[in-house]
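Now for the letters of each chain:
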Amino acid sequence: MSGPAQIPKNEKAPTRSAGLVARLGLFDATMIVMGGIVGSGIFINPSVVARSVHTPALILGAWVLGGVIALAGAFIYAELAARLPAVGGQYAYIREAYHPALAFLYGWVLLLVIQTGGMAAVAVTFARYFAELTHVPVPDGVIATLALALLAIINCLGVRPGSTVQSALMVLKILAIAALVAFGTWFIVHAPGTAPAAPAVLDRPVSLDLLTAMGAAMVPVLFAFGGWQTANFIAEEVREPKRNLPRALLIGVAGVIVLYVTVNWVCVGALGPAGLAATSTPASAVMRLAFGEKGAALIAVGIVVSTLGFLSQSILTAPRVYFAMAADGLFFRSVAKLHPQSRVPVVAIALQAIWAIVIALSGRYEQILSYVVSMDFLFFGLTATCLFVFRRRDALARAREQGQSPGYATPGHPVTTALFVAASWLVVINTIYKYPRNTAVGFAILFTGIPVYFLWRRRAAQRTMTP
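Criteria and thresholds
Residues numbered from 1 in each chain as written. Predicted model: local features only at pLDDT ≥ 70, side-chain atom pairs only at ≥ 80, totals over all residues. Heavy atoms only, no water. Axes fitted to C-alpha atoms, helices over the stretch in contact; angles between N-to-C directions. Helix = DSSP H or I, 4+ residues; strand = E, 2+ residues; numbered from the N terminus. Left-handed = near helix turned anticlockwise from the far one by under 90°. Contact = heavy atoms within 4.5 Å. Core = buried A, V, L, I, M, F, W, Y, C linked by side-chain atoms within 4.5 Å. Buried < 20%, exposed > 50% of the residue type's maximum accessible area, 1.4 Å probe, protein only. Salt bridge = Lys/Arg side-chain N within 4 Å of Asp/Glu carboxyl O. Phe/Tyr/Trp six-rings, centres within 6.5 Å; stacked < 30°, edge-to-face > 60°. Polar contact = N/O pair within 3.5 Å; in protein donor to acceptor, adjacent residues only side chain to side chain.

### Focus: the packing of helix α5 (residues 100-134) against helix α6 (residues 140-156)
Phase 1 of the analysis: Contact geometry of α5 with α6 gives a least axis separation of 8 Å together with a crossing angle of 115°. In the crossing of α5 with α6, the sense of the turn from one axis to the other is right-handed. Across the interface between the two elements, Met119, Ala123, Val124, Phe126, Ala127, Arg128, Phe130 and Ala131 of α5 pack against Asp140, Ile143, Ala144, Ala147 and Leu148 of α6.

Spelled out as structure tokens, the structure:
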């Protein structure tokens, strides 16, 4: 892995068709991939998984399976990035493979639910841990607002400052997780009798009940592994995107799999399945056992850094989707404007930050977050199916004939792609079954975008016809 790519002083960064400037290299893109995945979930979700399945083999198996699914998705998105290194990532793939209306609906729920709801929840989590560590007499909502506003300002200064902050926070996240693994391993080695491993591989006979339990366990696992796809949003700001984006996706996802599996191994080993299921803060529990209250305070610092890093990555990447929508005439024209100096979509960045702040201050972020899983994985699967469309159009064969090979092909396609689509949509089906009311609200928000799309399309047509 190389360090951040530097532009020579006498050479300008290449400008893409949308007016964005390519200033990011492989290291930056890899940190963005990892930063989009690693938030606060890995410090909390191990206990959620342990409440669904109750043996070390099943708990770790769920995380390994989640990693395999995430890696399969990374392979698919790597080929999509090589084929179409366009701003907006998923938005661009769905638009080109199917119809602008479907792409618009993705951007619609991304802004209203998926991205901003997650950002609001993470911002409040950051505020609570920050206030607990610093004892500042400031309400959580104010701290969350200041964090979102500060990161938005940094990203408005340019993609380079935003990426530098994101990369620094991601390195600190890796160090925090490494500390958790190191101290947890030390405790397991020096106190092996405190958390005996369950001898059974399965916690119940092979049955439909076991299958549904694993399905329930996979929801928080896949949610924790989500986020790598957001790196594709900034494709036009990555240097040599056909080469660097696929590499960043595969390196970043593989790195997170290693981090996640080792964290869960430590949590199971130190606490045992029952102890892991009984706590809502497994990372703090492990560090408290290994290093006392100082250890718990240390991991709290890690959670603060991790949540801040997730917010930084979200503000850096997702606004490019709204920018692409506006550039297509399907959103406010001002959202498609770039700052003349920084060459970033400052209105799109501000819009997302303001809406996330509104959700955070409203106190409805937990409810909105419950709509996220079904919407997110619905579009995960839909985006993966774009690969079938592109392959069917024989774009790869034509590119090879012209000497313009995309440079990357998904291994095992179409089987691996079909399995990823099936896994994504099984999550959607499971959330419909488990949480029908929340899923229905999520779909209702999605469908409200249909009349909005036709409104924007009509406005765009009127602007085109106006002399």
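Next comes the rest of the account.
### Quick word on the nonpolar core
Most often, soluble globular proteins have nonpolar side chains that are buried together.
Phase 1 of the analysis: By size, the foremost hydrophobic cluster in this structure holds 154 residues, and its most contacted members are Trp63, Phe104, Trp228, Tyr260 and Tyr322.
Phase 2 of the analysis: The leading source of residues in this core is α5, at 19 residues.
Phase 3 of the analysis: Contacts of Trp63, omitting those with residues within four sequence positions, involve Ile42, Asn45, Pro46, Val49, Val221, Ala224, Phe225, Tyr260 and Asn264.

### Considering the pattern of salt bridges
Phase 1 of the analysis: Counted under the stated rule, the structure contains 8 salt bridges.
Phase 2 of the analysis: As a salt-bridge pair, Glu96 and Arg95 come within 2.9 Å of each other at their nearest N and O atoms.

### Considerations on the packing of aromatic side chains
Phase 1 of the analysis: As enumerated under the stated definition, the model contains 18 aromatic pairs in all.
Phase 2 of the analysis: On the basis of an interplanar angle of 55° and a centroid distance of 4.9 Å, the ring pair of Phe225 and Tyr260 is categorised as tilted. Here the residue Phe225 occupies a position in helix α8 (residues 208-225), and Tyr260 occupies one in helix α9 (residues 241-278), the gap between them amounting to 35 residues.
Phase 3 of the analysis: With a centroid separation of 4.9 Å and an interplanar angle of 85°, the aromatic rings of Phe332 and Trp456 are classed as edge-to-face.

### Observations regarding the environment of Thr134
Phase 1 of the analysis: Structurally, Thr134 is set in helix α5.
Phase 2 of the analysis: Judged by its relative accessible area of 36%, Thr134 falls in the partly exposed class.
Phase 3 of the analysis: For Thr134, the side chain forms a polar contact with the main-chain oxygen of Phe130, separated by 2.7 Å.

### Structural notes on the environment of Ala384
Phase 1 of the analysis: With respect to the helices and strands, Ala384 occurs in helix α14 (residues 372-392).
Phase 2 of the analysis: Among the residues examined, Ala384 registers a relative accessible area of 0% and is labelled buried.
Phase 3 of the analysis: For the pair Ala384 and Gly73, spaced 311 residues apart in sequence, the C-alpha to C-alpha distance is 7.6 Å.
Phase 4 of the analysis: Ignoring any residue separated from it by four or fewer positions in sequence, one finds Ala384 in contact with Ile76, Thr417, Phe420 and Val421.

### Thoughts on unusual backbone geometry
Phase 1 of the analysis: The omega torsion of the bond from His413 to Pro414 falls at 10°, within 30 degrees of zero and hence cis.
Phase 2 of the analysis: If you trace the backbone, Pro414 turns up in the loop between α15 (395-401) and α16 (415-434).
Phase 3 of the analysis: A positive phi angle is found at His135, which is not glycine, with a value near 60°.
Phase 4 of the analysis: On the secondary structure map, His135 appears in the loop between α5 and α6.
Phase 5 of the analysis: Residue classification places His135 among the exposed positions, given a relative accessible area of 65%.
Phase 6 of the analysis: For Arg343, which is not glycine, the phi dihedral falls at a positive 60°.
Phase 7 of the analysis: With respect to the helices and strands, the residue Arg343 is situated in the loop between α11 (319-327) and α12 (346-362).

Geometric descriptors of this kind do not, in isolation, establish any biological role.
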